[in-house]
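Chains, contacts and geometry: an overview
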Amino acid sequence: MKYISTRGDKKEVTGSQAIIQGLADDRGLFVPKEIPKFSFSLESLIGKSYKDVAVLVLKEFLTDFTDEEIEACASAAYDEKFDTPEIAPLVRIPQGGNLGDVYFLELYHGKTAAFKDMALSILPHLLMTALAKEGVDKKIAILTATSGDTGKAALEGFADVKGTEIFVFYPKDGVSEIQRRQMITQTGANVHVFGIDGNFDDAQTAVKDVFNDVSLGERLASEGVLLSSANSINIGRLVPQVAYYVKAYVDILASGVLDEGEHINVCVPTGNFGNILAAYYAQQMGLPIEKLICASNENKVLTDFINTGVYDARREFFITSSPSMDILISSNLERLLYHLSGGDTSEVASLMKSLDESRYYDVSGTAIREGLSGFYGGCSDMPLTHIRLKDLFEKEDYLVDTHTAVAYSVHADYVQNVVDFDYNKTVIASTASAYKFAGSVAAAIGLPDFDNDFDYLSALNAWTGVPVPLGLVGLDRKPLLHDESIEKSAIKETIERILLK
Ligand SMILES: *Cc1c(COP(=O)(O)O)cnc(C)c1O
C-alpha cells in the first residue's frame, strides 16, 4: 500500500513516510493510492474487542508495519486511558414507527472527552514506530492548529514523549472555557500552547504555511528538527478513525437486528471533514453504508457544496455553540475530491489553487459532483439544535453535546424531508462529552445562568446525574501554564524562536 499526494507529486511513499511527513511536498494531502477492501468478513469480527478491530483495519492501510508493531501501537492506545472497556460504546435510541433506529456512537470516552482521542491516543505510537522503521534520528516538532479538541488530545498524546516538541495554536476567542483550560494547564517539558487572534482557518493556514516554507524547513533540518502534524491532514489521524465505524456496524450486527448486508446511514457533525471522510473510507472498504449525512452548523459551507457543487468560503463566519465545527476551509475535503475525481490530481490541484486564491471553486458537471450524491448535506442553527438537544434529553433521558446535537438535528430533518426516505438505521457520531460544552448544554436544557463554565459542570451533573469525565474534574484549580496569546502573523517566528533557540 502506497500513498501519494492529492495534487500530482508523483512520489509514492509508505504509510510510515506519510505519517512522518504529514503534508506532501506539493502542499497536497497524502491519500492511499487505492482504498483497500476488507480482507475479512464483518461477521468474523463479532465478539472482537475494539482494539482487535482497530488492528485489523490498521493492517489494511499500514502494510509496511509488521503485525507486531500494529498490535503494540493499538494495545498502548486503547487501554485504561478510556473510561469504559468498550472504548466506543454504541447507544441505541429507538425511533417511533419504523423510522429506523438511531445509534449514538460515543467517541468521547478517552482522556480529553472528545473524539479526537480515538486517533490521537494511537498517533504518537504510530509516529514513533514509523521513525524507528525509517531510521530517522531527528527531533520531531508536531504542529497543531485546533478548533479546541485536537489541541488537547494532541497534548495528551505527545506530552513528554521523548524526541518531540508539541505546538498547539487555538483561536483565543473561539473555544469553550473548558477547552481553553484543558490546553493551558497542560504539563510537560515539550509543550507549547498559544492562543491566536484569529479563527481556526487562520491557525490552520498559518501552520500549513510553515510546512511549506522551504527555507525554514532547511534551517530546522540543519539543527536536526523535522516538522510533522497532529491535524487530520496527517493520514495517521484518519486511518484509526475508520475502525470505529466498522466496530459500530459489527455491534449492530451482533445485536441481531440487521439482515445480511443491510445498509446503515452514518451521520457526522462535521468541521474539517476528517471524521466523515473516515466513514467514507469505511464504506469504500466494504462497510454497508448507504448515505453519509454531513451535518453543519451556521457555517454551512459543506451543506451548500454538497447541494450545489459550489464551494464558497466567501461568507460570514459565525461563532456558534459547536465551536469545533466553526470552520470554512475543510481540509480533508481535498481527499474526497481526489477519490471522487477518480484520482485526477491535476483537477484537484486546480480546485485547490482556486480555493487558495479566490476562496471558491465549482465542480458542476464533473464526476466529483456526481459522487457527491452519496452524501446528504444538512445544517442546523443554534436555536433548532438546542431545542432538539433538550427534546432528546427530556424524552429519552439521553444527554448529548452541542456538536452531536447538530448531527441529531440534521438527521431529524433528513427523516422528515427526504422524499424517498430509506428507513435505514443510523449511526450518529457522538463527538464530545456534554460537559466539554457545559455552558451551552445547560442553557439548551433550561438550567439557570452561572458566571463560569465550571459552575455549569456541577449544575449539569446535579441535574442530569451523568458523571463528569475524570479529565475535567478539578480543572478549574490547575495552574495556568500557557496563558499566552500571539498575533496570527507571529506563528512562524514563534515556532522558529523555540525550535532554533
Ligand atoms: C473536531 C470535532 C468535530 C469535527 O470533526 P472533523 O473531523 O473536523 O470534521 C466535531 N465535533 C467535535 C466535538 C470535534 O472536536
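Up top you'll find the structure we're talking about.
An account of the accompanying structure is given in this report. (Residues numbered from 1 in each chain as written. Predicted model: local features only at pLDDT ≥ 70, side-chain atom pairs only at ≥ 80, totals over all residues. Heavy atoms only, no water.)

Summarising burial for strand S10 (residues 289–296): six of the eight residues are buried, a large majority. For strand S9 (residues 264–269) and S10, the ladder comprises five bridges, and the chain directions are parallel. By the bridge assignment, valine 268 is partnered in S10 with cysteine 294. Once you follow S9 into helix H11 (residues 274–285) and on to S10, the crossover reads as right-handed. When S10 meets strand S13 (residues 375–379), the two strands line up parallel, connected through five bridges. Looking across to S13, one finds that serine 296 is bridged to cysteine 379. (Buried < 20%, exposed > 50% of the residue type's maximum accessible area, 1.4 Å probe, protein only. Helix = DSSP H or I, 4+ residues; strand = E, 2+ residues; numbered from the N terminus. Pairing = 2+ DSSP bridges. Right-handed = clockwise from strand over helix to strand, strands pointing away.)

With that settled, the discussion passes to the side chain of glutamine 179. Considering the arrangement of structural elements, one finds glutamine 179 in helix H7 (residues 177–184). For glutamine 179, a relative accessible area of 0% translates into the label buried. Here the side chain of glutamine 179 touches aspartate 149 through a polar contact of 2.8 Å, side chain to side chain. A distance of 2.8 Å separates the side chain of glutamine 179 from the backbone nitrogen of serine 176, its partner in a polar contact. (Polar contact = N/O pair within 3.5 Å; in protein donor to acceptor, adjacent residues only side chain to side chain.)

For the pair helix H10 (residues 235–254) and H11, the least separation of the axes is 8 Å and the interaxial angle reads 65°. Regarding the angle of H10 to H11, the classification is roughly perpendicular. The element H10 and its partner H11 pack so that their crossing is right-handed. Taken together, the residues of H11 that come into contact with H10 (itself represented by Leu238, Gln241, Val242, Tyr244 and Tyr245) are Gly274, Asn275, Leu277, Ala278, Ala279, Tyr281, Ala282 and Met285. Residue composition of the contact of H10 with H11, by class: 10 nonpolar, three polar and no charged. (Axes fitted to C-alpha atoms, helices over the stretch in contact; angles between N-to-C directions. Parallel < 35°, antiparallel > 145°, perpendicular 65-115°, else oblique. Left-handed = near helix turned anticlockwise from the far one by under 90°. Contact = heavy atoms within 4.5 Å. Nonpolar A, V, L, I, M, F, W, Y, C, P; charged D, E, K, R; others polar.)

Let's shift gears to the packing of helix H3 (residues 67–77) against helix H5 (residues 123–134). In a packed pair of helices, the relevant descriptors are the angle between the two axes and the axis-to-axis distance. At a minimum axis separation of 9 Å, H3 and H5 run at an interaxial angle of 150°. Considering their axes alone, H3 and H5 lie roughly antiparallel with respect to each other. Where H3 crosses over H5, the handedness of that crossing is right-handed. Of the residues in H5, those touching H3 at Glu69, Cys73 and Ala76 are His125, Leu126, Thr129 and Lys133.

For the rest of this paragraph, the subject is the site of the ligand. Taken together, the neighbourhood of the ligand is formed by 15 residues, with Lys116, Asp149, Gly271, Asn272 and Asn275 sitting nearest. Between lysine 116 and the ligand, the recorded distance is 2.6 Å, taken from a side-chain N or O atom to an oxygen atom. Here an oxygen atom of the ligand and a backbone polar atom of phenylalanine 273 are 3.1 Å apart. The fraction of the free accessible surface of the ligand (390 Å²) that becomes covered by protein chains is 98%. Its residues assigned to classes, the shell around the ligand comprises five nonpolar, eight polar and two charged. (Near = heavy atom within 4 Å. Areas by Shrake-Rupley, 256 points an atom, 1.4 Å probe, with all protein chains shown as cover.)

In this section: unusual backbone geometry. Here the phi dihedral of aspartate 160 falls at roughly 60°; this positive angle occurs in a residue that is not glycine. The backbone phi angle of tyrosine 423 is positive, close to 60°, even though this residue is not glycine. Mapping tyrosine 423 onto the fold places it in the loop between helix H17 (402–417) and strand S14 (426–430). According to the relative accessible area criterion, tyrosine 423 is partly exposed, its value standing at 44%.

The next subject is the sheet that holds strand S3 (residues 90–93). Reading across the sheet, the six strands line up as S3-S4-S14-S9-S10-S13 and stay open at both edges, with mixed pairing between neighbours. Both outer strands of the open sheet, S3 and S13, are each paired with one neighbouring strand and no more. In this sheet, adjacent strand axes meet at a mean angle of 25° when their direction is disregarded. Pairing between strand S4 (residues 102–106) and S14: five bridges, direction parallel. Among the inter-strand pairings, tyrosine 103 is bridged to a residue of S14, identified as valine 427.

What follows deals with the nonpolar core. In this structure, Tyr245 and Tyr361 are the most contacted members of the largest nonpolar core, which totals 113 residues. The element best represented in this core is H10, accounting for 13 residues. Beyond its immediate chain neighbours, meaning those up to four positions away, tyrosine 361 contacts Phe305, Gly309, Val310, Tyr311, Leu333, Leu337, Leu351, Met352, Ser354 and Leu355. If you look at the next biggest cluster of nonpolar residues, it comprises 41 residues, including Ile293, Val418, Tyr435 and Tyr456. (Core = buried A, V, L, I, M, F, W, Y, C linked by side-chain atoms within 4.5 Å.)

Evaluation of the coordinates by the stated rule reveals 19 aromatic pairs. Ring centres of tyrosine 376 and tyrosine 414 lie 4.8 Å apart, and the angle between their planes is 75°; on these two criteria the pair is classed as edge-to-face. Taken together, the residues tyrosine 376 in strand S13 and tyrosine 414 in helix H17 connect sequence positions 38 residues apart. For tyrosine 376, a relative accessible area of 18% gives the class buried. Here tyrosine 414 falls in the buried class, since its relative accessible area comes to 2%. (Phe/Tyr/Trp six-rings, centres within 6.5 Å; stacked < 30°, edge-to-face > 60°.)

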